[in-house]
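Notes for the structure review
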Amino acid sequence: MNLCIRRIPLLQVIRNASNITAIYKKKEFFDFCGAWKEKFSEVLVQPDNVPKETWENMRRYVMDSEFKPLIVDTFVLQMCINEKYPQAGISYYKFLESNNYKPSVSTLSTYLKLYGMRDDPLTKGEKEHVLSICKNISNTYTSLNSELANVLVRCLCQVGEWQEAVKIIENYKENHLHIRDAVSNLISYFYENGKEDLGRKYLVASLKTSLGPSKFAYDSYLKHCLKEKDKFNERIENLFILWNKYGLKPVQRVVLEISNACNQSGWSVVPTTISRSTCAVCKQLLARNDLNDEEYERLRQVTLKKLISEGMYYVTDPKEIQHYVRYIDQRKPYDVIVDGLNIFYSNRGIVALVDSIKYYKRWGKKILVIGRYHLKKMIMRLDIRDMADYFYVHDWSKDDVFLLYAAFSSGKDTVVISKDLMRQHKFAMKDPELDALFKKWQASHQYTTVTLKGSGTQLDDQIQVNAMVQKKNDCWHVPYVDYDMSVNKTRIGNNEWFCFKMPRDKK
């Protein structure tokens, strides 16, 4: 097979086809696609033994359209994918191959995707064909774009060449987020082919990223769990333990699949809510998902080091930092750190801020309010001015680093009142285990306020910023999110859970 791929930068090749995605968003494209399907309907449905002239007409039809794609063959194959005509796309590529067209790497990548759409297994000849293209691309390019890596790994798993797939993934080292589909395909392959240890290795690697694996990888893991009934409970619990360890909330459809399997295996699984830390179904009080002393100290040291040496100088004035550090060191420890601006801009404005401070003052807590200079005059006119310490930062400063410095300087029992999701702090969390520890700290130390009709602002330490998978006695409590891209986002007041009650004789 003559691929005739030149050694040019891969990203440049991929970008030449980047206009395809934009085109698909246009109404005009859908009109064109309808006309294309109508004109070539017989070819798309019965693509075998199609005359060369017919494929040439299709190619010319696309080239002469108003869209004028930069890479016409990629465009044609992508339309076959979008309209679910994989065999037509495969036949079109064979026409290109037999007539000495020179497919770009973008065209090859799109062509390989067609085999992933097939419902029937690949023949021996097709596997050899797919493998030869994968090896040719791998040998031609020293590094692979993540999109192409995802395609190659899927194809390599499809033809049973998992060792070659592993080589591609290992080139990305720990940066598995961009090749999520590739890692998910590898996980799926290992669990479906009895390679449990390798499956777990890459499952853990995927969970260390911000999203975890795709749903089809979880489906394969679930099938693996169901193969041996006597190991089902242990394997399900192992997954829950990993979700807890890496602070990951699964997607709803994944939890639904697992809950159905558990219910069929003697568990009792139902949706639930958590109110005042109590499960509405099992009535158990959930444990405070706190860090042990060793975990807290590790997180504290890293956080303070990062904030002082790297973080704060990017978000505020160095003189302000020095003044603030001296201020905290002289007055710490604090029991409560209040994000003044954040609470001020909640639904109830200044009333929420006043209620917050008065609530904790009644409990004899030492309070620090971090505000902005433009709030100072307003606060000084209120009756709460003597109930807390106040530190005002520049209006352009990022106050989450100030909150965190005060909290971790004060001690393990200090809480933060803020709706700030602390995304600015992600710079310190390059280690996935540290990231999980930070989420656990948020789950037990950061709270927000909620406005209740007729009863003011609720501040009873029940509205947690984060939610974590956890076990209490014989019940696992699993929070979930609605869709993939929100898996790793800290969510305020997440109250979407499932209660997984284990069988009594199989705990």
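Note that the structure is a prediction, hence the values are computed from the model and not measured. (Residues numbered from 1 in each chain as written. Predicted model: local features only at pLDDT ≥ 70, side-chain atom pairs only at ≥ 80, totals over all residues. Heavy atoms only, no water.)

Another point: helix α20 (residues 350-362). Between its terminal C-alpha atoms α20 stretches 18 Å, which fits the 18 Å expected from 13 residues at 1.5 Å a residue. Those residues of α20 that fall on the buried side of the exposure criterion are Ala352, Leu353, Val354, Ser356, Ile357, Tyr359 and Tyr360. Positive phi shows up at glycine 364, right after α20, with a value of about 70°. (Helix = DSSP H or I, 4+ residues; strand = E, 2+ residues; numbered from the N terminus. Expected span 1.5 Å × (residues − 1). Buried < 20%, exposed > 50% of the residue type's maximum accessible area, 1.4 Å probe, protein only.)

As for its position among the elements, arginine 180 is in helix α12 (residues 180-192). Separated by 2.7 Å, the side chain of arginine 180 and the backbone oxygen of glycine 212 make a polar contact. (Polar contact = N/O pair within 3.5 Å; in protein donor to acceptor, adjacent residues only side chain to side chain.)

Moving on to the sheet that holds strand β7 (residues 415-417). Pairing in this open sheet of 5 strands is parallel, and the strands run β6-β5-β4-β7-β8 from one edge to the other. Two strands close off the open sheet at either side, each with one partner strand: β6 (389-393) and β8 (446-447). Pairing of strand β5 (residues 367-372) with β6 involves 5 bridges; the strand directions are parallel. What sits directly across from glycine 371, in β6, is tyrosine 392. Each of β4 (336-339), β5, β6 and β7 is contacted by α20, which is oriented at about 165° to β5, the strand it contacts most. Contacting β4, β5, β6 and β7, helix α22 (residues 400-410) runs over the sheet at an angle of about 175° to β4. (Pairing = 2+ DSSP bridges. Contact = heavy atoms within 4.5 Å. Axes fitted to C-alpha atoms, helices over the stretch in contact; angles between N-to-C directions.)

In this section: the packing of helix α11 (residues 162-170) against α12. In the contact formed by α11 and α12, the axes pass within 11 Å of each other and the chain directions differ by 150°. Put simply, α11 runs roughly antiparallel to α12. Once α11 is placed against α12, the crossing between them reads as left-handed. Touching Trp162, Ala165, Val166 and Ile169 of α11 are Ala182, Val183, Leu186, Tyr189 and Phe190, all from α12. When grouped by side-chain class, the residues that make up the contact of α11 with α12 number 9 nonpolar, no polar and no charged. (Parallel < 35°, antiparallel > 145°, perpendicular 65-115°, else oblique. Left-handed = near helix turned anticlockwise from the far one by under 90°. Nonpolar A, V, L, I, M, F, W, Y, C, P; charged D, E, K, R; others polar.)

Next up on the list: the sheet that holds strand β11 (residues 470-472). A sheet is described by the order of its strands in space; here 4 strands give the open sequence β1-β13-β12-β11, paired in antiparallel fashion. Of all the strands in the sheet, the pair left with one neighbour each is β1 (268-272) and β11. Neighbouring strand axes in the sheet, compared pairwise and without regard to direction, differ in orientation by 25° on average. Along the sheet, helix α15 (residues 232-245) contacts β11, β12 (475-479) and β13 (497-501); its crossing angle with β12, the most-contacted strand, is approximately 50°.

Time to look at the packing of aromatic side chains. Counted under the stated rule, the structure contains 27 aromatic pairs. Through a chain of ring-to-ring contacts, three or more aromatic side chains come together here, namely Tyr218, Phe240, Trp243, Trp267, Trp476, Tyr480, Phe498 and Phe500. One residue, lysine 39, lies across the ring of phenylalanine 40, its end atom 5.8 Å from the ring centre. Between lysine 366 and the ring centre of tyrosine 334, over which it is positioned, the NZ or CZ distance is 4.9 Å. (Phe/Tyr/Trp six-rings, centres within 6.5 Å; stacked < 30°, edge-to-face > 60°. Lys NZ or Arg CZ within 6 Å of the ring centre and 35° of its normal.)

For the rest of this paragraph, the subject is the pattern of salt bridges. Under the criterion given, the structure shown has 18 salt bridges. One salt bridge connects aspartate 73 with arginine 59, and the closest N-O pair in it is separated by 2.7 Å. With a gap of 14 residues between them, aspartate 73 in helix α6 (residues 72-82) and arginine 59 in helix α5 (residues 52-63) connect regions that are remote in the sequence. Note on accessibility: aspartate 73 and arginine 59 belong to one class, buried. (Salt bridge = Lys/Arg side-chain N within 4 Å of Asp/Glu carboxyl O.)

This part covers the confidence of the model for the chain. Per-chain confidence: the chain averages 82 in pLDDT, with 82% of residues scoring 70 or above. The element-level mean pLDDT for the chain is lowest in helix α1 (residues 10-15), coming to 37, with helix α14 (residues 215-227) highest at 97. pLDDT under 50 marks residues 1-18. Its contacts with residues more than four places away, or in other chains, come to 40 contacts. (pLDDT = per-residue confidence, 0-100.)

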